[in-house]
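Inside the fold
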Amino acid sequence: KNQVEQSPQSLIILEGKNCTLQCNYTVSPFSNLRWYKQDTGRGPVSLTIMTFSENTKSNGRYTATLDADTKQSSLHITASQLSDSASYICVADRGSTLGRLYFGRGTQLTVWP
Amino acid sequence: SQTIHQWPATLVQPVGSPLSLECTVEGTSNPNLYWYRQAAGRGLQLLFYSVGIGQISSEVPQNLSASRPQDRQFILSSKKLLLSDSGFYLCAWSGSANEKLFFGSGTQLSVL
């Protein structure tokens, strides 16, 4: 069964601290792994896209890693800011068919001052 | 630059009433267009996607329909809303199947 599991479901950290969000996927075949940030009541915004041959990709304070062998990905946020409070969604793409994206339920991150 | 517009932002409708949500994209031609629904605490669910005018693919049998009357216009409709149609609806576009999605700001639909 094609699916994406994220952990933790929610996370609270203090401003300035680092955190790591986890994603496990069982999508096959696999083309790429995406991370999105979704503010409450808004549409998701793309953070990174990694193909199966890429191990890491950064976007400012966000660094995503991918292990295609173990089918795991992580999103590391460095020096968190209040504006990082949002839901972070992991998405696995089968690539072979248009529309074949599998979305995780997201990790709700709250950054406290 | 490309932009995507989706409206309305919020909508409260009685059960059995019709629905029409509109989405338009600017700054690109022949985009792939998508309608997603996001229920509380759930992942995004693909409802419809379109690769061109008049070409609609449905992912989930439901009370909804979609149309693409123009290249950069995508409409989500229903003749009679159900309580289960409540949710956060998102329109999105991409340049191709493997490119990243650009989402609209969403419509929060409450069916009462």
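Residues numbered from 1 in each chain as written. Chains lettered and ligands numbered in written order. Predicted model: local features only at pLDDT ≥ 70, side-chain atom pairs only at ≥ 80, totals over all residues. Heavy atoms only, no water.

Attention shifts here to the nonpolar core. Residues and elements named next belong to chain A. Formed by 23 residues in total, the largest nonpolar core has its most connected members in Y25, L33, W35, L75 and Y88. Mapped by element, the contributors of at least two residues to this core are β3 (19-25), β4 (32-38), β5 (45-51), β7 (62-67), β8 (72-77), β9 (86-93) and β11 (107-112). Setting aside anything within four residues of it in sequence, one finds L75 in contact with C19, T20, L21, W35, L47, Y62, T63, A64 and Y88. (Core = buried A, V, L, I, M, F, W, Y, C linked by side-chain atoms within 4.5 Å. Buried < 20%, exposed > 50% of the residue type's maximum accessible area, 1.4 Å probe, protein only. Helix = DSSP H or I, 4+ residues; strand = E, 2+ residues; numbered from the N terminus. Contact = heavy atoms within 4.5 Å.)

Quick look at the packing of aromatic side chains now. The relative placement of two aromatic rings is captured by the distance of their centres and the angle of their planes. In this structure the tally under the stated criterion is 8 aromatic pairs over all chains. On the basis of an interplanar angle of 45° and a centroid distance of 6.1 Å, the ring pair of Y62 of chain A and Y88 of chain A is categorised as tilted. One end of the pair, Y62 of chain A, is in strand β7; the other, Y88 of chain A, is in strand β9, with 26 residues separating them in the sequence. The exposure class assigned to Y88 of chain A is buried, which follows from its relative accessible area of 0%. Taken together, the ring pairs in this structure connect Y36 and F103 of chain A together with Y34, Y36 and F103 of chain B into an aromatic cluster. If you follow R61 of chain A out to its NZ or CZ, it ends over the ring of Y62 of chain A, 5.7 Å from the centre. (Phe/Tyr/Trp six-rings, centres within 6.5 Å; stacked < 30°, edge-to-face > 60°. Lys NZ or Arg CZ within 6 Å of the ring centre and 35° of its normal.)

What follows covers the layout of surface pockets. Where empty space is left can be seen by rolling a probe of water-molecule size over the atoms. Each pocket or cavity is described by its volume, and for the largest pocket that value is around 1200 Å³. What lines the largest pocket is a set of 42 residues, among which G104 and R105 of chain A together with R42, G43 and L44 of chain B lie closest to the centre. Mapped by element, the contributors of at least two residues to the lining of the largest pocket are β1 (4-7), β9, β10 (101-103) and β11 of chain A together with β4 (32-38), β5 (45-52) and β9 (87-94) of chain B. A breakdown of the residues in the lining of the largest pocket according to their chemical character gives 13 nonpolar, 20 polar and 9 charged. In this structure, the second largest pocket occupies an estimated 210 Å³ of space. Residue lining of the second largest pocket: 15 residues in total, with G43, P44 and V45 of chain A together with F103 and G104 of chain B positioned closest to the centre. (1 Å grid on protein atoms, 1.4 Å probe; cavity = no way out; pocket = protein on both sides within 12 Å on 5 of 7 lines; lining within 4 Å. Points joined across faces, edges and corners; volume = space filled by probe spheres on them. Nonpolar A, V, L, I, M, F, W, Y, C, P; charged D, E, K, R; others polar.)

All names here are of chain A. If you trace the backbone, N55 turns up in the loop between β5 and β6 (56-59). The spatial distance from the C-alpha of N55 to the C-alpha of T65 is 5.4 Å, given a sequence separation of 10 residues. Apart from the residues within four sequence positions on either side, N55 is in contact with M50, A64, T65 and L66.

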